[in-house]
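What the coordinates show
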Amino acid sequence: MKFTTEQRLDNGVLEREFTLGEIPGTLWTSGSEPAPLILIAHNNGLPRREPRLLARARHTAAQGYAVATIDAPACGERPRSAADDRARAELRRAMQAGEPVDEIFESFVGPLVANAVPEWRTTLDALLDRPETNGRVGYSGWTAVGIHLAATEPRIEAAGLFAGGYVPLAQREEARQVTIPLLFLLQWDDEGNPRQRALDLFDAFGSKQKTMHANMGGHVGTPWFELEDGGRFYDRHLK
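Cut-offs applied
- Per-chain numbering applies: the sequence of each chain, read as written, is numbered from 1 onward.
- In keeping with the model being predicted, local features are shown solely for residues with a pLDDT of at least 70 and side-chain atom pairs are shown and tallied solely at 80 or more, while totals for entire chains, interfaces and linings include all residues.
- Derived side-chain values reflect all non-hydrogen atoms in the structure, with water molecules and hydrogen atoms excluded from consideration.
- Runs of H or I in DSSP of at least four residues are treated as helices and runs of E of at least two as strands, each being numbered from the N terminus.
- As a reference, a globule follows 2.2 Å times the number of residues to the power 0.38, and the radius of gyration itself is taken over C-alpha atoms.
- Partly exposed residues are those whose accessible area sits between 20% and 50% of the maximum for their type, while under 20% is buried and over 50% is exposed, using a 1.4 Å probe and protein chains only.
- Contacts are assigned to residue pairs that have any heavy atoms within 4.5 Å of one another.
- Here, Shrake-Rupley sampling with a 1.4 Å probe gives the accessible areas, and only protein chains in the shown set may cover a residue.
- Counting rule applied: Lys, Arg positive; Asp, Glu negative; His and chain ends not counted.
- Lys charges are placed at NZ, Arg charges at CZ, Asp charges at CG and Glu charges at CD.
- Think of a polar contact as two N or O atoms within 3.5 Å of one another; within protein, one of them needs to be a possible hydrogen donor and the other a possible acceptor, and neighboring residues in sequence only count if both atoms come from side chains.
- For salt bridges, the criterion is a side-chain nitrogen of Lys or Arg within 4 Å of an Asp or Glu carboxyl oxygen.

Comments concerning the overall build of the protein chain
For the protein chain, the helix and strand inventory stands at seven helices and nine strands. What you see for the protein chain is a C-alpha radius of gyration of 17 Å, in line with the 18 Å of a compact globule of 239 residues. Burial statistics for the protein chain: of 239 residues in total, 52% are counted as buried. Of all intrachain contacts in the protein chain linking residues separated by at least 6 positions in sequence, the fraction that spans at least 24 positions is 68%. With the model as given, the accessible surface of the protein chain reaches about 11,100 Å², and the carbon-plus-sulfur share is 51%. Looking at the protein chain, you have 27 positive and 33 negative side-chain charges, and the mean spots of the two groups are 2 Å apart.

Focus: the side chain of Glu-153
Mapped onto the elements, Glu-153 comes out in the loop between helix H4 (143–152) and strand E7 (158–162). Look at Glu-153 and you get buried, because its relative accessible area is 2%. A distance of 2.8 Å separates a polar atom in the side chain of Glu-153 from a polar atom in the side chain of Arg-155. Beyond its immediate stretch of four places on either side in the chain, Glu-153 contacts Arg-121 and Leu-124.

Some words on the pattern of salt bridges
Tallied over the entire structure, the rule returns 16 salt bridges. Two residues, Glu-153 and Arg-155, come together in a salt bridge whose shortest N-O distance is 2.8 Å. Taking relative accessible area as the criterion, Arg-155 reaches 29% and is therefore assigned partly exposed. One salt bridge in this structure joins Lys-239 and Asp-235, with 3.7 Å as the shortest N-O distance. You can call Asp-235 partly exposed: its relative accessible area is 34%. One salt-bridge network, held together by shared partners, links Arg-121, Asp-125, Glu-153 and Arg-155.

Here you go:
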């Protein structure tokens, strides 16, 4: 892991960008003691510098966590093929037109998830060797990646998931294998995620400790107080 830039933010958080082989990422830390690590993944290829992700990461780090994110294959700054771009465009077009998108979604997002999780695990290996982390690990963000990671990576102890109605079939089946504590956030009027599918997915998780927070509003309308509630969730399970 090679750090390429660093800056100290106004809230005292140290923000450092890194590379790990071909993987670009960012690590946020505060304080001098080793802290629990929270991996933050963004949805469907958004860049790791997306403003909402930055706000979540910086706030969480200020609460006493090490926080990390990466640009996985075909996400953010990483190269994308012409086929990737065509699939994204077709998915957007079909959703805006109200056409069925399951086939397009499976062919595009399924491989995106499968390719992302090995790099997240490689990143986790490197981060847990860092003196800033104490071995406790949580996850926050993209539901499909979170399911696959929680089902295959025993070091993940708790996860906060942004409820997705569109989750690949493979991850819907894997959800039954996920038994860690979960906080599931659902935007009730999310125009891009069918509500009933999200409710069915929540029901499928094998976790005995799982909580759903449902709020009125669309996809980007998650209330800020959910970040505070999420902090209390991680405090219960990682501190």
